[in-house]
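Residue-level structural notes
Residue strings, one per chain:
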Amino acid sequence: MRGLFISFEGIEGCGKTTQLKRAQRCLEERGLPVLVTREPGGTAVGEAVRGVVLEPLHVGMAPAAELLLYAAARAQHVAEVIRPALHDGRIILCDRYADSTAAYQGAGRGLPAEWLDTLHAIATSGLDPDLTVLLDLSAAVGLERARARGLYDRLEHEAIAFHDRVREAFLRLAAEAPKRIKVVDADQSIDAVAAEVRGHIDALLSRRQGAAKK
Ligand code: Z5A
């Protein structure tokens, strides 16, 4: 049976990594084959691109260069990791994917939608996740969490208005694709968020089992 592709999205500090690990543990405890990966990254090429694109010293990076780097990392990730894992029947938990490009490079940087669509087609051949968990949080709380953790990348230095635009863009994407993108209020305890995330993943697994029986 084909695997499942689940992405986790949201602004900086919304808790994606925390929730992705919880979901991994929960699925593995049930004996399901899980693959955890991330963007940019997930391959040697992608991790090298990650180093370039998130380097705080690269403050002068042109928005188009940034877009092309994320797309290059994704093309490698889809070809080398995601498609083969789907073929092998694994459940892929991916920390960010194409919705991040729409939100950050589209709404955040103001790049044209046609550029994003073209690069999405080139990098993924139209591969979308089966489920996207959008952890929704205000930019103020997200950045506070990220700063408390003490790690800074290039985008964490952007003004709060940038991160507000990104959050609004994620919510618009969710309104446009309600079947795929499930919004979870990330301003709750880690356990409460994890319970909602688990509910969405269980619903996806049930749909797949139902479809397999037909
Ligand atoms: N980017 C892009 O522009 N275009 C693209 O196409 C792609 C990416 C794919 C990747 O950064 C950057 O790349 C990202 C967008 C851009 N930059 N920004 N902004 P990343 O992957 O390294 O970082 P991130 O994705 O922004 O994630 P993060 O900062 O690591 O945060 P997180 O994974 O969402 O959160 P976390 O690490 O799970 O939690 C953060 C802290 O909050 C931590 O101390 C937790 O213990 C705490 N936490 C988590 N949940 C809670 C709750 N519920 N309550 C209280 N505290 C919590």
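This section reports on the structure supplied with the text. The structure presented is a predicted model; accordingly, all values stated were derived computationally and were not measured. (Residues numbered from 1 in each chain as written. Predicted model: local features only at pLDDT ≥ 70, side-chain atom pairs only at ≥ 80, totals over all residues. Heavy atoms only, no water.)

1. Some thoughts on the pairing of strand 1 (residues 4-9)
The buried fraction of strand 1 amounts to 6 of the 6 residues, a majority that puts the element mostly inside the structure. Of the two faces of strand 1, both are covered, the one formed by Leu-4, Ile-6 and Phe-8 as well as the one formed by Phe-5, Ser-7 and Glu-9. Here strand 1 pairs with strand 3 (residues 91-95) via 5 bridges, running parallel. Bridging from a neighbouring strand, Ile-6 pairs with Leu-93 of strand 3. Strand direction decides the pairing type here: strand 1 and strand 4 (residues 131-136), joined by 4 bridges, are parallel. By the bridge assignment, Glu-9 is partnered in strand 4 with Leu-134. (Buried < 20%, exposed > 50% of the residue type's maximum accessible area, 1.4 Å probe, protein only. Helix = DSSP H or I, 4+ residues; strand = E, 2+ residues; numbered from the N terminus. Pairing = 2+ DSSP bridges.)

2. What to know about the sheet that holds strand 4
Two pairing modes exist for strands in a sheet, parallel and antiparallel, and in both the strands are linked by backbone hydrogen bonds. The sheet built from 5 strands is open, its strands ordered 2-3-1-4-5 with parallel pairing. For this open sheet the edge positions go to strand 2 (34-38) and strand 5 (181-185), each flanked by a neighbour on one side alone. Within this sheet the neighbouring strands show an average axis-to-axis angle of 20°, counted without direction. Lying on the sheet, helix 7 (residues 160-176) is in contact with strand 1, strand 4 and strand 5; it crosses strand 4 at an angle near 140°. (Axes fitted to C-alpha atoms, helices over the stretch in contact; angles between N-to-C directions. Contact = heavy atoms within 4.5 Å.)

3. Brief notes about unusual backbone geometry
In this structure, the amide linkage connecting Glu-39 to the following residue, Pro-40, adopts the cis form with an omega of -10°. Of note, Pro-40 is situated in the loop between strand 2 and helix 2 (44-54). Non-glycine residue Arg-96 carries a positive phi angle of around 75°. Of the residues examined, Arg-96 reaches a relative accessible area of 13% and is grouped as buried. The backbone of Ser-125 sits at a positive phi, close to 50°, despite the residue not being glycine. Structurally, Ser-125 can be placed in the loop between helix 5 (113-124) and strand 4.

4. Side note on helix 6 (residues 139-149)
Within the sequence span of helix 6, burial applies to Ala-139, Gly-142, Leu-143 and Ala-146. All buried residues of helix 6 lie within an arc of 90° about the axis, which places them on one face of the element. Across helix 6 from its buried face, at more than 90 degrees, point the exposed residues Glu-144 and Ala-148. Phi turns positive one or two residues past the end of helix 6, at Gly-150, with a value near 85°. (Arc of directions from axis to C-beta.)

5. Some points on the packing of helix 1 (residues 16-29) against helix 8 (residues 190-213)
Helix packing geometry: the angle between the two helix axes and the distance between the axes. Contact geometry of helix 1 with helix 8 gives a least axis separation of 10 Å together with a crossing angle of 55°. The pairing of helix 1 with helix 8 is recorded here as oblique in orientation. Considering how the two elements wind past one another, helix 1 and helix 8 form a crossing that is right-handed. Listed contacts from helix 8 to Thr-18, Gln-19, Arg-22, Ala-23, Cys-26 and Leu-27 of helix 1 are Ile-190, Asp-191, Val-193, Ala-194, Val-197, Arg-198, Ile-201 and Leu-205. (Parallel < 35°, antiparallel > 145°, perpendicular 65-115°, else oblique. Left-handed = near helix turned anticlockwise from the far one by under 90°.)

6. A closer look at the nonpolar core
Among the nonpolar cores identified, the biggest contains 33 residues, and Ile-6, Phe-8, Leu-93, Val-133, Leu-135, Val-197 and Ile-201 are the most heavily contacted of them. Elements with a contribution of two residues or more to this core: strand 1, helix 1, strand 3, helix 4 (98-108), strand 4, helix 7, strand 5 and helix 8. The leading source of residues in this core is helix 7, at 6 residues. Ignoring sequence-local partners within four residues, the contact set of Leu-135 consists of Glu-9, Gly-10, Ile-11, Cys-14, Gly-15, Lys-16, Gln-19, Val-184, Ala-186, Val-193 and Val-197. Of all hydrophobic cores here, the second largest spans 12 residues; its members include Val-78, Ile-82, Ala-85 and Leu-127. (Core = buried A, V, L, I, M, F, W, Y, C linked by side-chain atoms within 4.5 Å.)

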